[in-house]
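# Fold and contact review
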Amino acid sequence: MKRLHRWRSAFIVGVDRWRCFRFAQFFLAPLFTGGATDREVNAVNSENEKNLASDPWRLHQLEKATADPAHPFCKFGTGTGASG
């Protein structure tokens, strides 16, 4: 079983400052239109509905529920259309 809390993502950005600047803009000023925001909320809700029937996801939720409440591990998983 894949350990979800051990998953890591990495990317390589060279010393090109322009690329770093452009990448940072995605986080500083995202270009979500109204339609794109609605699609994202629907995607989050669909992911949550899919996860409800997944045994590994439910095990992960159990691990989160029994973790130290002060640790970021137990803060967020997936949401619903209503939680956004």
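Refer to the structure above for everything that follows.
Residues numbered from 1 in each chain as written. Predicted model: local features only at pLDDT ≥ 70, side-chain atom pairs only at ≥ 80, totals over all residues. Heavy atoms only, no water.

## Things to note about the pattern of salt bridges
The following threshold applies: Just to be clear on terms, a salt bridge is a Lys or Arg side-chain nitrogen sitting within 4 Å of an Asp or Glu carboxyl oxygen. Strands here are runs of E lasting at least two residues and helices are runs of H or I lasting at least four, both read from the DSSP assignment and numbered beginning at the N terminus. Accessibility here uses a 1.4 Å probe with only protein chains present; expressed as a share of the type maximum, an area under 20% marks a residue as buried, one over 50% as exposed, and anything in between as partly exposed.
Counted under the stated rule, the structure contains one salt bridge. Arg58 is the partner of Asp55 in a salt bridge, and the nearest nitrogen-oxygen pair spans 2.4 Å. Here Asp55 pairs with Arg58, and both are found in helix H3 (residues 55-65), just three residues apart, close to one helical turn. What makes Arg58 partly exposed here is its relative accessible area of 42%.

## Quick word on the packing of aromatic side chains
Basically, it comes down to this: Working definition: a ring pair exists when centres of Phe, Tyr or Trp rings (six-membered ring for Trp) sit within 6.5 Å. Plane angles under 30 degrees give stacked, over 60 give edge-to-face, the rest tilted.
Considering all chains together, one arrives at three aromatic pairs under this definition. Judged by centre distance (5.4 Å) and plane angle (75°), the ring pair of Phe23 and Phe27 falls under edge-to-face. Placement of both Phe23 and Phe27 in helix H1 (residues 17-28) is noted, with a separation of four residues, approximately one turn of the helix. Taking relative accessible area as the criterion, Phe27 reaches 56% and is therefore assigned exposed. Chaining the aromatic ring pairs together yields one cluster made of Phe23, Phe26 and Phe27.

## A look at helix H2 (residues 34-51)
The condition is simple: Helix span, as expected, comes to 1.5 Å for every residue beyond the first. Picture the helix axis, draw a direction to every C-beta atom, and the arc is the one those directions span. Residue contacts follow a heavy-atom distance rule, with two residues in contact if any of their heavy atoms lie within 4.5 Å.
The terminal C-alpha atoms of H2 lie 26 Å apart, and with 18 residues this matches the ideal 26 Å at 1.5 Å per residue to within 8%. Those residues of H2 that sit buried are Ala36, Asn48 and Asn51. Seen along its axis, H2 keeps its buried residues to an arc of 115°; they face one direction. Residues of H2 that are exposed and point more than 90 degrees away from the buried face comprise Gly34, Arg39, Glu49 and Lys50. The inward-facing, buried residues of H2 abut H3.

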